[in-house]
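In case you want the letters, here they are:
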Amino acid sequence: MTLEGKCAATQLLHLAALVALADGSVTSQEEDHLLAHLERSINLGRAERERLEAHLRWLTATKPSLSGIKKRVEGLSGDHRERLGEFLVTVAGADGTLATSEIGTLQKIYERIGIDPSRLYQHIHALSTEMVDSGPITIISPLERPREFGVPSPRTETSAGPGGGIRLNIAMVEKKLQQSAAVSVLLADVFSGEDEGGPPVGIQAAVAPADIVTGLDAAHSVLLRRLAGQDSWPRAEFDALADSMSLMPEGAIDRINEAAYETVGEPLVEDEDPLVVDRRVLGEMIR
Amino acid sequence: MNDVAKIRPRERDAIIQSLRAGVVPRVGQHLIQVGRLEEAKAVLKDVERIGDGGSAIRFVVGAYGSGKTFFLNLVRSVALEKRLVTVHGDLTPDRRLHATGGQARNLFAELMRNMATRSKPEGGALASVVERFVTSALGEAKTRGVKPELVIQERLHDLTELVGGYDFAEVVAAYWRGHETGNDTLKNDAIRWLRGEFSTRTDARAALGVRTIVDDATFYDYLKLTARFSRLAGFAGLLVCLDELVNLYKLAHTQARNANYEQILRILNDSLQGIAVGVGFVLGATPDAVLDTRRGLYSYAALQSRLAENTFARGGLVDLSGPVINLSNLTPEDLYVLLGKLRSVQASGDSSAYLIDDEGIKAFMDHCSRKVGEAYFRTPRNTIKAFLDLLAVLEQNPGTTWQELLGNVALAEDRNPDLTPLDEEDNEDGRSGQSATTGAKDDDLTTFKL
């Protein structure tokens, strides 16, 4: 590892220790996540890993402070700062929880390194939906300044293909299709399911069983059959009809339409003045 | 992509009209739901639990454009289908969970105006619910040969033990008296009272003879009463959908904000401890409104500890046992599948009538990506609208091909209304989230003035 790399690693370690320590202790998961990341991104040798581990332990013991952070990230571009922030979020969340104090520290770091704090919440949210790229994140050393013999800086990856066109991940599309098919089945069950509860108990007066409409009690069944006599009902006339049968108009429409939804999937009458009876729905209800 | 089975013309039209107008459809969401199987399963269980007399609470958290409102409406449809009564409303600076200046009562009134049942999914179902209760009481009175008032009082007896329950029962009885005596004013007053539209006790006393009204302090108690009442009216329970939690987060006044968070905590505790009967809450929030430790829900320690339990999905496993459902941002793949579903809905599920092939969908997305960058899938409102507009042109002009039209598809970038400063937001109280977006866009055009 180059000297620069090592500097980058210690700087990163400093920030990460700040975050990890915010909830009082660096958990073993947080430590592993951090060191594993460093190992992946800057080719740590065994000895170097041990030194960084020791450094981390030293940081843990001395409780690093937030001061001087601005200087540490001076050389970083906006994009790299954002990635740095994203990485720090993964460190804080490596143990599966994110304490308020950790979020608080992250808020302070984001402010100091010049990223809009609202991005922080998006990053945390993304982590909780696993949208964060879990692969190595390239973070340039703050000390890495352009030199004539320097390695060209890594290009940032974007989801856009050449010429701004889109590339779709076919495997992902397949997965989404399967999931959507499953969700369709689940919801279709809900939206076409028979009413398990059955009709609520109501008055079963002297009405011939054949005249009872599925899903309705005797009184509403009679009302429905009377409704069938006309294509449209002025509101006052309907109210009087319902009243003559000791039913309340609004409640009766709701009740009848609910039964219509259960049997046909559409309402029988539009609740306006005049009420219009849907013949097709009616036909299916009193088959 | 062709898994959309039977599509009813009513649902087809509702979906297409809403989406073309840039709003989330109220019905038929299940026909265009992409993925989110576990999330759907979780809320289905919630709805069933509410129907069994239990309670539930969910915070649906997602960034702008991730489909929070769509998901909330899906939950609402599922609930209606499972015979729950639903109420919904957006939180705004003028409609809050806790207030002293009438804003909580405003929220209550808004919720009650939007009360929906399966047969009245568009809202305005409060009278239907009351009448269904009274009708069944009338039926019982007839069979038992007693006065209807007696049955009504008996059935509402349970409510009288709750805060405000006695007057609630009185008002329902007043509705019945109004009906019986042909007194429409009394009926209307009863409905107005139940909707929380009386602002003074004196008025309520004069109109209905009751001493209390729904006010800021009793907002939540009356919601619980309404839930119990829905069950007595023969429904399975009540689902309360509150969108735009971000507006509580934006309250500048710390005390007001905390009082609202305290109300959320109360609701959360009631739900988790099973104290509330047959009532569930779904709240839509953006990540910052939850996670900000200075002003978000996380700034309220008791809420933070209850919400943080299932923060992270580990190893691809989503834990939905806690109250938070995190909606991931949309990916291009999600959008691709969604556009396929829309194509299918447009063709009423008949794959031989598709107006555009898979290649066409890809080319369309390609076009959008070039026009507005990655926003085309992150905030897909305008992309969806443009796609449906394209389909409409193809439909009305048989013989034209998408290849000919694609170049002319215009697309504007969608802007997050949450990014508008609060002062402006204050002026937009009465406007829906959608009109706020439009407003933001209009502003956008004028910002280029020199």
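These lines cover the structure that appears in this document, whether it is placed above or below. (Residues numbered from 1 in each chain as written. Chains lettered and ligands numbered in written order. Predicted model: local features only at pLDDT ≥ 70, side-chain atom pairs only at ≥ 80, totals over all residues. Heavy atoms only, no water.)

## Here's the deal with the overall build of chain B
To be explicit about the condition: Counting from the N terminus, the helices are DSSP H or I runs at least four residues long and the strands are E runs at least two residues long. Any two residues whose heavy atoms approach within 4.5 Å at even a single point are treated as in contact. The accessible surface values rely on the Shrake-Rupley method and a 1.4 Å probe; as for residues, cover is taken only from the protein chains in view.
Regarding its fold elements, chain B presents 22 helices and 5 strands. Expressed as a percentage of contacts within chain B between residues at least 6 apart in sequence, the contacts between residues at least 24 apart total 70%. Carbon and sulfur atoms provide 49% of the accessible area of chain B, an area that totals close to 17500 Å².

## Some details on the sheet that holds strand 3 (residues 275-277) of chain A
Residues and elements named next belong to chain A. The condition is simple: A pair of strands is labelled paired if DSSP reports no fewer than 2 bridges between them.
Reading across the sheet, the 3 strands line up as 1-3-2 and stay open at both edges, with antiparallel pairing between neighbours. Each of the sheet's edge strands pairs with one partner strand only, and the pair in question is strand 1 (232-233) and strand 2 (269-270). Pairing analysis gives 2 bridges linking strand 1 to strand 3, with the strands arranged antiparallel. Bridge pairing links Ser232 to Val276 in strand 3.

## Some remarks on the packing of aromatic side chains
All names here are of chain B. Definition in use: The rule is short: rings of Phe, Tyr and Trp, with Trp giving its six-membered ring, pair when the centres are within 6.5 Å, and they are stacked under 30 degrees, edge-to-face over 60, tilted in between. Under the scheme applied here, a residue whose accessible area is under 20% of the maximum for its type counts as buried, over 50% as exposed, and between as partly exposed, the area being computed with a 1.4 Å probe on protein chains only.
According to the stated counting rule, one finds 8 aromatic pairs over all chains in the structure shown. With 5.4 Å between their ring centres and 70° between their planes, Phe168 and Phe229 make a pair best called edge-to-face. Of this pair, Phe168 sits in helix 8 (residues 165-180) while Phe229 sits in helix 11 (residues 219-232), and the two are 61 residues apart along the sequence. Note on accessibility: Phe168 and Phe229 belong to one class, buried. An aromatic cluster of at least three residues, connected via ring pairs, comprises Phe133, Phe168, Trp193, Tyr222 and Phe229.

## Quick word on the sheet that holds strand 2 (residues 85-90) of chain B
The strands that make up a sheet are held in pairs by hydrogen bonds between backbone atoms, and each pair lies either parallel or antiparallel. Residue and element names in this part refer to chain B. Selection criterion: Where helices are involved, their axes are fitted lines through C-alpha atoms of the stretch in contact, as for all axes, and angles between N-to-C directions lie from 0 to 180°.
As summarised here, the arrangement of the 5 strands in space is 2-3-4-1-5, forming an open sheet in which the pairing is parallel. The open sheet is flanked by strand 2 and strand 5 (324-326), the only strands paired with a single partner. In this sheet, neighbouring strand axes are inclined to one another by 15° on average, regardless of whether the strands run parallel or antiparallel. Taken together, the 7 bridges between strand 1 (residues 55-61) and strand 4 (residues 279-285) define a ladder with parallel strand orientation. Bridging from a neighbouring strand, Ile57 pairs with Phe281 of strand 4. Sitting on the sheet, helix 13 (residues 254-272) is in contact with strand 1 and strand 4, with an inclination near 130° to strand 1.

## Quick notes on the interface of chain B and chain A
Operational definition: When two parts are put together, the accessible area they lose, computed with a 1.4 Å probe and summed over both, is reported as buried area. For this document, the term salt bridge refers to a Lys or Arg side-chain nitrogen within 4 Å of an Asp or Glu carboxyl oxygen. N or O atoms within 3.5 Å of each other form a polar contact, as long as, within protein, one can give a hydrogen and the other can take it, and as long as residues adjacent in sequence are counted only when both atoms are side-chain atoms.
Chain B puts 72 residues into the contact, and the matching count from chain A is 66 residues. Where chain B abuts chain A, roughly 6300 Å² becomes buried across the two surfaces, and 62% of that area is made up of carbon and sulfur atoms. The interface formed by chain B and chain A includes 8 salt bridges. Measuring nitrogen to oxygen at the nearest pair gives 3.0 Å for the salt bridge that ties A:Asp254 to B:Arg132. At the junction of chain B and chain A, the tally comes to 25 residue pairs in polar contact (both at pLDDT 80 or more). For the side of chain B that touches chain A, the element with the most residues is helix 6 (residues 126-144) of chain B, which contributes 10 residues.

## Quick word on the pattern of salt bridges
Under the counting rule described, the total for this entry stands at 40 salt bridges over all chains. Put simply, A:Glu284 and A:Arg280 hold a salt bridge, and the shortest N to O gap is 3.6 Å. One end of the pair is A:Glu284 and the other is A:Arg280, both in helix 12 (residues 279-285) and 4 residues apart, which spans about a single turn. The partner of B:Asp189 in a salt bridge is B:Arg192, with the nearest N and O atoms 3.3 Å apart. Taken together, the residues span about one helical turn, with B:Asp189 and B:Arg192 both in helix 9 (residues 184-194) at a distance of 3 residues. On the basis of relative accessible area, B:Arg192 is assigned to the partly exposed category, the value being 32%.

## So, the side chain of A:Gln107
Tracing the backbone through its elements, the reader meets A:Gln107 in helix 6 (residues 100-112). For A:Gln107, a relative accessible area of 1% translates into the label buried. Excluding its chain neighbours within four sequence positions, the residues that come into contact with A:Gln107 are A:Leu120, A:Tyr121, B:Leu291, B:Asp292, B:Thr293 and B:Arg294.

## Side note on the environment of A:Asp239
With respect to the secondary-structure elements, A:Asp239 resides in helix 10 (residues 235-244). In this structure, the C-alpha to C-alpha distance between A:Asp239 and A:Ser25, residues 214 residues apart in sequence, is 71 Å.

## Some words on the pairing of strand 1 of chain B
With 7 of 7 residues buried, strand 1 of chain B lies mostly within the body of the structure. On strand 1 of chain B, burial covers both faces: B:Ser55, B:Ile57, B:Phe59 and B:Val61 on one face and B:Ala56, B:Arg58 and B:Val60 on the other are all buried.

## Some remarks on the side chain of B:Glu81
Its place among the elements puts B:Glu81 in helix 4 (residues 68-81). Filtering out sequence-adjacent residues up to four positions away, B:Glu81 remains in contact with A:Val190, A:Phe191 and B:Arg118.

## Notes on helix 13 of chain B
Residues and elements named next belong to chain B. Basically, it comes down to this: By this rule, a helix spans an expected 1.5 Å times one less than how many residues it contains.
Here helix 13 spans 26 Å end to end across 19 residues, near enough to the 27 Å set by a 1.5 Å rise per residue. Every buried residue of helix 13 is listed here: Arg257, Ala259, Asn260, Tyr261, Gln263, Ile264, Leu265, Ile267, Leu268, Asn269, Asp270 and Ser271. Of the surrounding secondary structure, the elements contacted by the buried residues of helix 13 are strand 1, helix 11, helix 12 (246-249), strand 4, helix 14 (287-291) and helix 15 (301-307). Immediately beyond the C-terminal end of helix 13, within one or two residues, lies Gly274, with a positive phi of roughly 70°.

## Digging into unusual backbone geometry
In this model, A:Ser246 sits at a positive phi of 55°, which is unusual for a non-glycine residue. Note that A:Ser246 resides in the loop between helix 10 and helix 11 (249-263). By relative accessible area, which is 35% here, A:Ser246 ends up partly exposed. One non-glycine residue, B:Glu244, lies in positive phi territory at about 65°. Note on placement: B:Glu244 falls in the loop between strand 3 (238-243) and helix 12.

## Quick look at helix 6 of chain A
Residues and elements named next belong to chain A. Its 13 residues give helix 6 an end-to-end C-alpha distance of 18 Å, which sits within 8% of 18 Å, the value for a rise of 1.5 Å per residue. Listed as buried for helix 6 are Glu102, Ile103, Gly104, Thr105, Leu106, Gln107, Ile109 and Tyr110. Gly114 occupies a position one or two residues after helix 6 and carries a positive phi of about 80°.

## Regarding the nonpolar core
What counts is decided by this rule: Residues grouped as a nonpolar core are buried Ala, Val, Leu, Ile, Met, Phe, Trp, Tyr and Cys residues, joined through side-chain atoms within 4.5 Å.
Grouped together as the largest cluster of nonpolar side chains are 123 residues, with contacts concentrated most on B:Phe59, B:Trp193 and B:Phe281. The element best represented in this core is helix 1 (residues 3-21) of chain A, accounting for 10 residues. Not counting residues within four places of it along the chain, the set of residues in contact with B:Phe59 comprises B:Leu245, B:Ile264, B:Leu268, B:Leu283, B:Leu297, B:Leu307, B:Pro323, B:Val324 and B:Ile325. Of all hydrophobic cores here, the second largest spans 39 residues; its members include A:Ile166, B:Ile16, B:Phe377 and B:Leu405.

## Thoughts on the packing of helix 16 (residues 332-346) of chain B against helix 19 (residues 381-396) of chain B
Residue and element names in this part refer to chain B. This is how the line gets drawn: Note: crossing handedness is left-handed where the near helix turns anticlockwise from the far helix by less than a right angle, and right-handed where it turns clockwise.
Viewed as axis vectors pointing N to C, helix 16 and helix 19 meet at an angle of 35°, and their least axial separation amounts to 11 Å. For the element pair helix 16 and helix 19, the recorded crossing hand is right-handed. Note on element contacts: helix 19 touches helix 16 through Thr383, Ile384, Phe387, Leu388, Leu391 and Glu395, opposite Leu335, Leu338, Leu339, Leu342, Arg343 and Gln346.

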